[in-house]
Amino acid sequence: AQARSIPTWLRRVIIPGQTDTPASVRQLKAVADAHPCVEKVELLPFRKFCLHKYDELGLHFPLKDTPEPDTALMERLRALL
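Residues numbered from 1 in each chain as written. Predicted model: local features only at pLDDT ≥ 70, side-chain atom pairs only at ≥ 80, totals over all residues. Heavy atoms only, no water.

Undergrad: How should the overall build of the protein be read in this particular structure?
TA: Across its full length, the protein holds three helices and two strands. The order of α-helices and β-strands along the protein, N terminus first, is β-α-β-α-α. Against the globule reference of 12 Å for 81 residues, the protein gives a C-alpha radius of gyration of 15 Å, more extended than a compact globule. Of all 81 residues assigned to the protein, the portion counted as buried reaches 28%. Sequence separation of 24 or more characterises 64% of the internal contacts of the protein that already satisfy a separation of 6 or more. Surface exposure of the protein reaches about 5,800 Å², of which carbon and sulfur atoms provide 55%. (Helix = DSSP H or I, 4+ residues; strand = E, 2+ residues; numbered from the N terminus. Rg over C-alpha atoms; globule rule 2.2 N^0.38 Å. Buried < 20%, exposed > 50% of the residue type's maximum accessible area, 1.4 Å probe, protein only. Contact = heavy atoms within 4.5 Å. Areas by Shrake-Rupley, 256 points an atom, 1.4 Å probe, with all protein chains shown as cover.)

Undergrad: Any chance you could explain the pairing of strand 1 (residues 8-14) here in plain terms?
TA: Put simply, side chains in a regular strand alternate between the two faces of the sheet. Relative to strand 2 (residues 38-45), strand 1 is paired through seven bridges, and the arrangement is parallel. In the sheet register, Trp9 faces strand 2, and the bridge partner there is Lys40. Following the backbone out of strand 1, through helix 1 (residues 22-34) and into the adjacent parallel strand 2, one traces a crossover that is right-handed. (Pairing = 2+ DSSP bridges. Right-handed = clockwise from strand over helix to strand, strands pointing away.)

Undergrad: Got a minute to help me understand the pattern of salt bridges in this structure?
TA: Any two side chains of opposite charge can pair, given that their charged atoms come close. For the structure shown, the criterion picks out four salt bridges. Here Glu42 makes a salt bridge to Lys40, at a shortest N to O gap of 3.3 Å. We classify Glu42 as buried; its relative accessible area is 18%. For Arg47, the salt bridge is made with Glu68, and the minimal N-O distance between the two is 3.2 Å. Of the two residues, Arg47 is situated in the loop between strand 2 and helix 2 (51-57) and Glu68 in the loop between helix 2 and helix 3 (71-79); the sequence distance between them amounts to 21 residues. Three or more residues are tied together by salt bridges with common partners; here these are Arg11, Lys40 and Glu42. (Salt bridge = Lys/Arg side-chain N within 4 Å of Asp/Glu carboxyl O.)

Undergrad: Would you mind going over the environment of Thr71 with me for this structure?
TA: Looking at where Thr71 falls in the secondary structure, it is placed in helix 3. For Thr71, a relative accessible area of 57% corresponds to the exposed category. Residues Thr71 and Leu43 lie 28 residues apart in sequence; the distance between their C-alpha atoms is 12 Å.

Undergrad: What is the right way to look at the nonpolar core in this model?
TA: Across soluble globular proteins, you tend to see nonpolar side chains buried next to one another. Core analysis: the largest hydrophobic core is formed by 11 residues, namely Leu10, Ile14, Val25, Leu28, Ala32, Cys37, Val38, Leu43, Leu73, Met74 and Leu77. Apart from residues lying up to four places away in sequence, Leu28 is in contact with Leu10, Arg12, Val41 and Leu43. (Core = buried A, V, L, I, M, F, W, Y, C linked by side-chain atoms within 4.5 Å.)

Next up, the structure:
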């Protein structure tokens, strides 16, 4: 995308216990800052909308017991961008 100057958006799902650290967000910001083609960086809160489908299919959802991030955490992380 960079070599062709293709406008790019970066999105990261914030999963508590996995991608919810300031260091993780700073790394994402460093990637964005190093590539002028990046127009936007979004942090998306982890949601369990798919849980019902996993249950219907009899599949184990590995993040079933992972909490969804709260608004305060999302705001703190977004402020780092």
